[in-house]
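Residues per chain, in single letters:
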Amino acid sequence: MNDLIRQAIAAEAEERVDSRTVLAGLHKAKKRKPFGLIAGVATLTAAAAVAAVVVPTTIKKTDASPAAPPAASQNVLLIGTDDRELTDALVLARFEADGSVIAVSLPRDLQVGEKKINRLYERDPEELTGAVEQLTGVEVDHYAAVDMSGFGRIAQVVGGVEVCLLAATEDERSGASFPAGRQTLEGDRALAFLRQRMGLPQGDLDRVKRHQAFLTGLAAKISKDNALALAAEVGKSVRVDEGWDVLAFAQRFQGPVKIVTGTLPVGAPVDGPAGQALQADPGASRQFVADWFSGKGTPQDGCVR
């Protein structure tokens, strides 16, 4: 994969690259598909995908390059995993034909039957996508999973990601130590920002909002100058389903991604078979996602906790 990226850069420097040839070569670089070439969102997870939003446009096109066919909206489940393959972040994202993204974060402690939703991916990705479909009423076209430990490096590639905190916070467990206000994070500090949930008023729900803020900040830093390096970094830690033609999917993205993020409403924590968990009403969940995906949602603004 890295050799292919270097070849693309070298060919571009000589101004003689045919994008169809380069993309065809990248398409052969499996088993880890070149997810760095697609724009993703989300929540932390989406951040990984967003990382390469402009890669297709950084490769010069010849006059003979065919026009891309009209794109259809696609629903992608974005999954952030920890080192045990448990789901640490979960986002259902609709990628529109114009390249914009509407995303709904699902708390990892949602109760699904007798299990928490964060346990389903390690058992079977299809079990997780099925549970999300049943809860939200939205058919999942594809899924992508990213190792969240790589986000510190991803932030470094773009020169840091700007976030804003409503109040100063300290947490020994995650290593978080941040003042209030705007600040730029990368490396271990970015990971601590994303991982902290202890000491936050709403625990994991506040952490979900941090994921969304980080995603928005990362998307704002994407440019054609860092896209290839970003794609190479993201490609180290992303897995997608075998049926996804990510190269065709990437054609809809022609610049920075417009992202709107929200969080699925849940009730107060309850004790269940899998320990303390969050519950979501299926009917209310389906209505919320339908409204959000139709553009009726109100995105969060400004600083987070």
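As the structure is a computational prediction, the values presented were derived from the model and not from experiment.

## Digging into the packing of aromatic side chains
Summed over the entire model, instances satisfying the criterion amount to three aromatic pairs. Look at Phe-151 and Phe-214: their rings are 6.2 Å apart centre to centre, the planes differ by 90°, and that puts the pair in the edge-to-face class. Here Phe-151, found in helix α7 (residues 151-157), pairs with Phe-214, found in helix α9 (residues 204-221); they are 63 residues apart in sequence, far enough to count as distant. Note on Phe-151: relative accessible area 0%, which makes it buried.

## Structural notes on the confidence of the model for the protein
For the protein, the mean per-residue pLDDT works out to 78, and 74% of the residues sit at or above 70. Predicted confidence in the protein is weakest over helix α4 (residues 55-58), with a mean pLDDT of 36, and strongest over strand β10 (residues 181-185), with 97. Low pLDDT (under 50) marks residues 1-65, which in the prediction has 165 contacts with non-local residues, meaning those over four places away or in another chain.

## Let's talk about the side chain of Ser-174
The topology assignment puts Ser-174 in the loop between β8 (169-171) and β9 (176-178). At 2.6 Å, the side chain of Ser-174 and the side chain of Asp-171 are in polar contact. Of note is the side chain of Ser-174, whose polar atom sits 3.3 Å from the backbone nitrogen of Ala-176.

## What about helix α12 (residues 282-293)?
A turn of α-helix holds 3.6 residues, and therefore any two residues three or four places apart point the same way. Its twelve residues place the ends of α12 16 Å apart at the C-alpha level, agreeing with the 16 Å of an ideal helix rising 1.5 Å per residue. The inward-facing, buried residues of α12 contact β1 (74-81), β2 (87-95), β3 (101-105), α6 (125-136) and β12 (259-263). Its side-chain oxygen 3.1 Å from the backbone nitrogen of Gly-283, Asp-281 forms the N-cap of α12. Gly-295, located one to two residues past α12, shows a positive phi value of around 90°.

## Digging into the sheet that holds strand β11 (residues 238-240)
Spatial ordering of the open sheet is given by β11-β6-β1-β2-β3-β12, a layout of six strands whose pairing is mixed. On the outer flanks of this sheet lie β11 and β12, each paired with one strand and no other. Neighbouring strand axes in the sheet, compared pairwise and without regard to direction, differ in orientation by 20° on average. When β3 meets β12, the two strands line up parallel, connected through five bridges. The residue of β12 that forms the bridge with Val-104 is Gly-262. The sheet strands contacting α6 are β1, β2 and β6 (142-147), and the helix crosses β2 at an angle near 60°.

## Considerations on the state of the cysteines
On inspection of all chains with the given rule, the structure shows one disulfide. Between the sulfur of Cys-164 and that of Cys-303 lies a disulfide, 1.8 Å long from S to S. The sign of the 50° torsion about the S-S bond sets the Cys-164-Cys-303 disulfide as right-handed. Taken together, the residues Cys-164 in strand β7 (residues 161-165) and Cys-303 in the segment after α12 connect sequence positions 139 residues apart. Relative accessible area serves as the criterion here: at 9%, Cys-164 is assigned to the buried category.

## Structural notes on the pairing of β3
Within β3, five of the five residues are buried, which leaves the element mostly enclosed by the surrounding structure. Neither face of β3 is left uncovered, since the one carrying Val-101, Ala-103 and Ser-105 and the one carrying Ile-102 and Val-104 both have all their residues buried. Bridging between β2 and β3 involves five bridges; their strand directions are antiparallel. Paired with Leu-92 across the bridge in β3 is Val-104. Hairpin connection of β2 to β3: five residues between the antiparallel strands, including Gly-99 at a positive phi of 95°.

## Description of unusual backbone geometry
One non-glycine residue, Glu-85, adopts positive backbone phi at about 70°. With respect to the helices, strands and loops of the structure, Glu-85 is situated in the loop between β1 and β2.

Definitions and cut-offs
Residues numbered from 1 in each chain as written. Predicted model: local features only at pLDDT ≥ 70, side-chain atom pairs only at ≥ 80, totals over all residues. Heavy atoms only, no water. Phe/Tyr/Trp six-rings, centres within 6.5 Å; stacked < 30°, edge-to-face > 60°. Helix = DSSP H or I, 4+ residues; strand = E, 2+ residues; numbered from the N terminus. Buried < 20%, exposed > 50% of the residue type's maximum accessible area, 1.4 Å probe, protein only. pLDDT = per-residue confidence, 0-100. Contact = heavy atoms within 4.5 Å. Polar contact = N/O pair within 3.5 Å; in protein donor to acceptor, adjacent residues only side chain to side chain. Expected span 1.5 Å × (residues − 1). Pairing = 2+ DSSP bridges. Axes fitted to C-alpha atoms, helices over the stretch in contact; angles between N-to-C directions. Disulfide = S-S within 2.5 Å.

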